[in-house]
Amino acid sequence: NQIDAMWTTAKKGDAGWWEFAWDGNGNLMSKVMRTANRLISRDDMIWDGQNPAHIEQAAQWLAQGRLLGFPTETVYGLGADAGQDLAVQAIYDAKGRPTDHPLIVHMAQASDAAHFADPIPGFALALMKAHWPGPLTLILPRRVDVATQSAAGQDSIGLRCPSHPVALSLLKAARRLGVMGGAG
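Residues numbered from 1 in each chain as written. Predicted model: local features only at pLDDT ≥ 70, side-chain atom pairs only at ≥ 80, totals over all residues. Heavy atoms only, no water.

Bringing the overall build of the protein chain into the picture now. Within the protein chain, the secondary structure is distributed over five helices and 11 strands. Of the roughly 9,000 Å² of accessible surface on the protein chain, a fraction of 52% belongs to carbon and sulfur atoms. (Helix = DSSP H or I, 4+ residues; strand = E, 2+ residues; numbered from the N terminus. Areas by Shrake-Rupley, 256 points an atom, 1.4 Å probe, with all protein chains shown as cover.)

If you want it as structure tokens, here you go:
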């Protein structure tokens, strides 16, 4: 079944705004709040991205295979544990995104790239050293045993180490719980 989805936005004061996705029958499919420094779940949980306890709660949310909105320096995206295919599928479902369009995997540190990619060419290591954390996404050969859904089944994978302080804090906390990257 193909679901026709429509995104609309509505202002909600200085704290941010909501984006709603509706299916072709007018049923609310999902809603996400957009802000600069907050972490938001599909179930209206809103955590302060500056509060370490809230970062830990959000990291646990990812480890449990749930979806979470989080900021990077270039976008505010809906993310999930890149290693949990069912969680990643929920991103595609919530956005109405075609499952053959890969997601970017955000990581806490450059060394985590080896978990997702093999081999990592020398030029890629040099780019990581020069530009990570930051808004650079590298497309590398994907290890066959990881992040299949995040990469949309492709042999390559997009990897990034964002510099946004909330994203980095979240990814570091999630890494401590075994989440090696957040797909979004």
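So that's the structure; there's more coming.
Further remarks concern the pattern of salt bridges. This structure, assessed with the given rule, holds four salt bridges. The partner of R176 in a salt bridge is E56, with the nearest N and O atoms 2.7 Å apart. In this pair, R176 sits in helix α5 (residues 165-176) while E56 sits in helix α1 (residues 52-63), placing the two residues 120 residues apart along the sequence. Taking the relative accessible area as the measure of exposure, E56 reaches 29% and is therefore partly exposed. The salt bridge partner of R160 is E73, with a shortest N-O separation of 2.5 Å. Remark: E73 occurs in the loop between β6 (68-71) and β7 (76-81) and R160 occurs in strand β10 (residues 156-160); sequence separation between them is 87 residues. (Salt bridge = Lys/Arg side-chain N within 4 Å of Asp/Glu carboxyl O. Buried < 20%, exposed > 50% of the residue type's maximum accessible area, 1.4 Å probe, protein only.)

Overall, the coordinates contain zero aromatic pairs when judged by the stated rule. The residue whose ring lies beneath R66 is W61, and the NZ or CZ to ring-centre distance is 3.6 Å. (Phe/Tyr/Trp six-rings, centres within 6.5 Å; stacked < 30°, edge-to-face > 60°. Lys NZ or Arg CZ within 6 Å of the ring centre and 35° of its normal.)

In globular proteins that are soluble, nonpolar side chains generally tend to be buried together. Grouped together as the largest cluster of nonpolar side chains are 29 residues, with contacts concentrated most on F116 and L159. Going through the elements one at a time, β7, α2 (85-95), α3 (113-116), α4 (122-131), β9 (137-141) and β10 are the ones with two or more residues in this core. With residues near it in sequence (within four places) discarded, L159 still touches V105, M107, A113, F116, A117, W132, L136, T137, L138 and L140. (Core = buried A, V, L, I, M, F, W, Y, C linked by side-chain atoms within 4.5 Å. Contact = heavy atoms within 4.5 Å.)

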